[in-house]
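Here are the chains, one letter per residue:
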Amino acid sequence: MHGMTVIVKTISSWVKLLIFLFGIYIVIFGHLTPGGGFAGGVILAASYILLMLAFGREFAEENLSLGWASKLDCAGALLFAAIALCGLFYGGGYFFWNFIQHRYLAGPGHALKLVSAGTIPLANIAIGLKVMASLFLVTLVLSTFRPDRSAKEKE
Amino acid sequence: MAYALCFLLFMIGLYCAAVKKNMVKIVIGIMIMEYAVNLFLIMLGYRSGGQAPIVGRGDIAGAGGKVLDSFINTSVDPLPQALVLTTIVISLGSLALMISICIRTYEKYGTFDITEIRRLKG
Amino acid sequence: MAEIYILLLFVIIAAIIAVETRKLLSAVICIGAVGFGGSLIFLFLRAPDIAITQIVVEVLGLIILIRATISRDVTLISGDREFFGMVVSIVILLVIATAGVRVLETLPAFGTPIIARLPDAASNTYIKEGLARTGAANIVSSVILDFRAYDTLGETTVLFTSIIGATVILRKKSRKLLEELE
């Protein structure tokens with residue numbers, strides 16, 4: 001997949017940083033404003049896909065290679081499972097118990113701040129990481145696939 | 001009346017997925033069906049003149065975290081929205097899987113037509 | 001309320017065009033119009049979370065679809081359809097349509113949700129005690145990550161599995177092994 005013209009390359013190299021920052025904002029403030037882990041993860045993946053469409057596939061693969069995307073994907077899933085298991089051990093014995101909220105933040109005055117709601121921001125970050133890595137992986141694999149001419153000539 | 005239009009959208013998608021012969025058209029029909037189902041679920045939870053289920057600064061009574069009655073009586077239903085949120089992301093994953101099957105079939109048989117694929121074996 | 005009906009008509013017209021057109025690129029563009037109209041309807045139905053997610057997922061879906069249809073299949077598909085298969089399909093569609101119309105008559109009016117009619121529904125507890133029990137101001141986030149977190153775990157597993165499936169189908173290593181064996 002080739003890149004595009006000079007104008008597109010210049011503008012997208014400035015804009016992709018803004019998209020990435022916006023994606024991080026939507027993920028982290030998911031418990032106060034609309035958004036959350038899923039929408040933020042898809043926006044983060046969109047910034048990398050913009051990089052791939054504007055500069056070509058090889059440049060994007062140097063930036064975040066196939067192996068690293070798989071590792072980030074697994075890390076997000078394992079982080080989500082680890083948060084759930086911590087609720088089992090440290091909380092009341094239930095699987096997804098919000099132990100941070102019930103132990104440390106249960107008093108008044110914590111309602112609309114950034115540090116509130118216990119394990120919900122941590123779970124949002126884990127899900128955002130996982131969705132971003134998954135969607136970037138599948139788009140990279142779809143663009144790398146070239147039809148094999150040698151198999152068709154043998155038939 | 002709004003439910004009837006939503007059901008009409010679902011029938012359009014079902015007609016496209018059942019009758020057409022092009023593989024990509026079948027995928028488009030499945031996507032239209034998914035949009036119609038998501039729309040129907042969110043319409044079930046709508047309250048006329050309601051507000052979004054997000055607590056603002058003017059909806060908290062006191063410091064204990066209790067919400068005002070005005071918020072409880074005018075908020076829309078949050079449960080269908082929670083279910084539809086995961087459904088939309090799952091539909092993206094299944095779209096990627098369907099398109100990868102289409103690409104692989106085109107590379108092997110040279111066409112998107114499902115009646116041709118049935119006749120040529122290998 | 002009038003804007004919801006106007007947007008629904010726009011979405012239905014775009015869907016009809018997407019189904020009946022012959023070129024694949026036009027059909028993909030009309031699917032994009034259906035998705036954007038749907039996102040605007042979600043905004044008017046007081047669901048901002050869903051509207052954000054729908055727009056970004058629509059954009060990525062368009063990129064994936066265009067990747068599959070561009071520069072492929074330039075020949076138009078023509079020829080007669082099988083008569084018997086088409087008759088069976090039309091009969092099944094009519095049966096489903098009749099059943100759907102009968103169900104639509106039993107639904108409640110548009111605009112009164114279940115929490116207004118049943119005071120002990122589950123959503124009433126989520127709205128009243130969501131902030132006090134979980135501390136999150138966004139009630140939808142507290143539902144998907146605290147009250148019903150198992151559903152999110154299942155969704156993560158399904159997304160993981162479908163991405164692994166797509167990656168395995170588009171792999172090229174197996175062909176190289178077969179060529180080396182010959």
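In this report, the structure presented in the accompanying data block is examined. Here the structure is a predicted model, which means the values were calculated and not measured. The residue numbering used here restarts from 1 in each chain and proceeds along that chain's sequence as written. Each chain takes a letter, starting from A, and each ligand takes a number, starting from 1, following the order in which they are written. With the structure being a predicted model, the display of local features is reserved for residues of pLDDT at least 70 and the display and counting of side-chain atom pairs for 80 or more, all residues being used for whole-chain, interface and lining totals. Side-chain figures throughout are based on the complete set of non-hydrogen atoms in the structure, without hydrogens or water.

**Quick word on the overall build of chain C**
Turning to step 1, where the next piece is worked out: Runs of H or I in DSSP of at least four residues are treated as helices and runs of E of at least two as strands, each being numbered from the N terminus. Of the regular secondary structure elements, chain C holds eight helices and zero strands.
Turning to step 2, where the next piece is worked out: What you see in chain C, going N to C, is helices and strands ordered as α-α-α-α-α-α-α-α.
Turning to step 3, where the next piece is worked out: The buried label applies to any residue whose accessible area, calculated with a 1.4 Å probe on protein chains only, is under 20% of its type's maximum; exposed applies above 50%, and partly exposed to all values in between. Residues classed as buried in chain C amount to 43% of the 182 residues present.
Turning to step 4, where the next piece is worked out: Method for areas: the Shrake-Rupley scheme with a 1.4 Å probe, in which residue coverage is limited to the protein chains shown. When the accessible surface of chain C is summed, it comes to about 9800 Å², and 69% of that surface belongs to carbon and sulfur atoms.

**A look at the packing of helix 5 (residues 122-134) of chain C against helix 6 (residues 139-147) of chain C**
Residue and element names in this part refer to chain C.
Turning to step 1, where the next piece is worked out: Orientation is described by axes fitted as lines to C-alpha atoms, over the contacting stretch for helices, and by angles from 0 to 180 degrees between their N-to-C directions. It is at 10 Å that the axes of helix 5 and helix 6 come closest, and there the two elements cross at 70°. In terms of orientation, helix 5 and helix 6 fall into the roughly perpendicular class. Residues Y126, G130, R133 and T134 of helix 5 pack against I139, S142, V143, D146 and F147 of helix 6.
Turning to step 2, where the next piece is worked out: Amino acid classes used here: Ala, Val, Leu, Ile, Met, Phe, Trp, Tyr, Cys and Pro are nonpolar; Asp, Glu, Lys and Arg are charged; the rest, including Gly, are polar. Split by residue class, the contact of helix 5 with helix 6 holds four nonpolar, three polar and two charged. Here the angle decides the label: under 35 degrees means roughly parallel, over 145 means roughly antiparallel, 65 to 115 means roughly perpendicular, and every other value means oblique. Any two residues having at least one pair of non-hydrogen atoms within 4.5 Å are treated as being in contact.

**Notes on empty space enclosed by the protein**
Turning to step 1, where the next piece is worked out: Lining residues are those with an atom within 4 Å of a point, where the points come from a 1 Å grid over the protein atoms alone and group into cavities, where a 1.4 Å probe fits but cannot get out, or pockets, open sets with protein on both sides within 12 Å along at least five of seven lines. Grid points are joined across faces, edges and corners, and a volume is the space filled by probe spheres set on the points. According to the stated counting rule, one finds six cavities of 30 Å³ or more in the structure shown.
Turning to step 2, where the next piece is worked out: Secondary structure elements with two or more residues in the lining of the largest cavity: helix 2 (23-44) and helix 4 (78-109) of chain B together with helix 3 (48-69) of chain C.
Turning to step 3, where the next piece is worked out: The residue makeup of the lining of the largest cavity, split by class, is six nonpolar, four polar and two charged.

**Notes on the interface of chain A and chain C**
Turning to step 1, where the next piece is worked out: Listed by partner, the interface residues are 45 residues for chain A and 38 residues for chain C.
Turning to step 2, where the next piece is worked out: For the pair chain A and chain C, the summed buried surface comes to about 3700 Å²; carbon and sulfur atoms form 72% of the total.
Turning to step 3, where the next piece is worked out: Salt-bridge detection follows one rule: a side-chain nitrogen of Lys or Arg within 4 Å of a carboxyl oxygen of Asp or Glu. Taken together, the connections running from chain A to chain C amount to zero salt bridges.
Turning to step 4, where the next piece is worked out: Identification of polar contacts relies on pairs of N or O atoms within 3.5 Å, with a donor-acceptor requirement for protein atoms, meaning one able to donate a hydrogen and the other able to accept it, and with residues adjacent in sequence counted only if both atoms are side-chain atoms. In this structure, the connection of chain A to chain C is made through six residue pairs in polar contact (both at pLDDT 80 or more).
Turning to step 5, where the next piece is worked out: Contributions of two or more residues to the side of chain A that touches chain C are made by helix 2 (37-55), helix 4 (66-90), helix 5 (99-103), helix 6 (120-144) and helix 7 (149-154) of chain A.
Turning to step 6, where the next piece is worked out: Per-element tally for the side of chain A that touches chain C: the top contributor is helix 6 of chain A, with 14 residues.
Turning to step 7, where the next piece is worked out: Looking at the side of chain A that touches chain C, its residues break down into 27 nonpolar, 13 polar and five charged. The term buried area means the drop in 1.4 Å probe accessible area that two parts suffer when joined, counted for both and summed.

**Considering the state of the cysteines**
Turning to step 1, where the next piece is worked out: The disulfide criterion is simple: two cysteine sulfur atoms within 2.5 Å. Counting across every chain of the model gives zero disulfides over all chains.
Turning to step 2, where the next piece is worked out: Unpaired in terms of disulfides, C86(A) finds its nearest cysteine sulfur in C74(A), a separation of 19 Å.
Turning to step 3, where the next piece is worked out: Distance from the sulfur of C6(B), which forms no disulfide, to the nearest cysteine sulfur (C16(B)) is 17 Å.
Turning to step 4, where the next piece is worked out: Relative accessible area serves as the criterion here: at 2%, C6(B) is assigned to the buried category.

**A few points about the packing of aromatic side chains**
Turning to step 1, where the next piece is worked out: Any two of the Phe, Tyr and Trp rings considered here, Trp counted by its six-membered ring, make a pair once their centres fall within 6.5 Å; the pair's planes then place it as stacked at under 30 degrees, edge-to-face at over 60, or tilted in between. Counted by the stated rule, this structure contains 10 aromatic pairs over all chains.
Turning to step 2, where the next piece is worked out: For the pair F55(A) and F59(A), a centre-to-centre distance of 4.9 Å together with 20° between the ring planes defines the contact as stacked.
Turning to step 3, where the next piece is worked out: A relative accessible area of 40% places F59(A) in the partly exposed class.
Turning to step 4, where the next piece is worked out: Ring pairing ties together the aromatic residues Y3(B), F40(B), Y46(B) and F110(C), which thus form one cluster.

**Looking at helix 2 of chain A**
All names here are of chain A.
Turning to step 1, where the next piece is worked out: For a helix, the expected span equals 1.5 Å multiplied by the residue count minus one. An ideal rise of 1.5 Å per residue puts 27 Å on 19 residues; helix 2 measures up with 28 Å between its terminal C-alpha atoms.
Turning to step 2, where the next piece is worked out: Among the 19 residues that make up helix 2, 15 are buried, leaving the element largely enclosed by the rest of the structure.
Turning to step 3, where the next piece is worked out: Looking at the residues trailing helix 2, positive phi occurs at G56, about 100°.

**Topic: the packing of helix 2 of chain B against helix 4 of chain B**
Residues and elements named next belong to chain B.
Turning to step 1, where the next piece is worked out: Orientation of helix 2 relative to helix 4, taken along the N-to-C sense of each, is 180°, at an axis distance of 10 Å. Put simply, helix 2 runs roughly antiparallel to helix 4. Between helix 2, through M23, V27, I30, M31, E34, N38, L41 and I42, and helix 4, the contact on the second element is made entirely by P80, Q81, V84, T87, I88, S91, S94, L95, M98, I99, C102 and T105.
Turning to step 2, where the next piece is worked out: Tallied by class, the residues present in the contact of helix 2 with helix 4 amount to 13 nonpolar, six polar and one charged.

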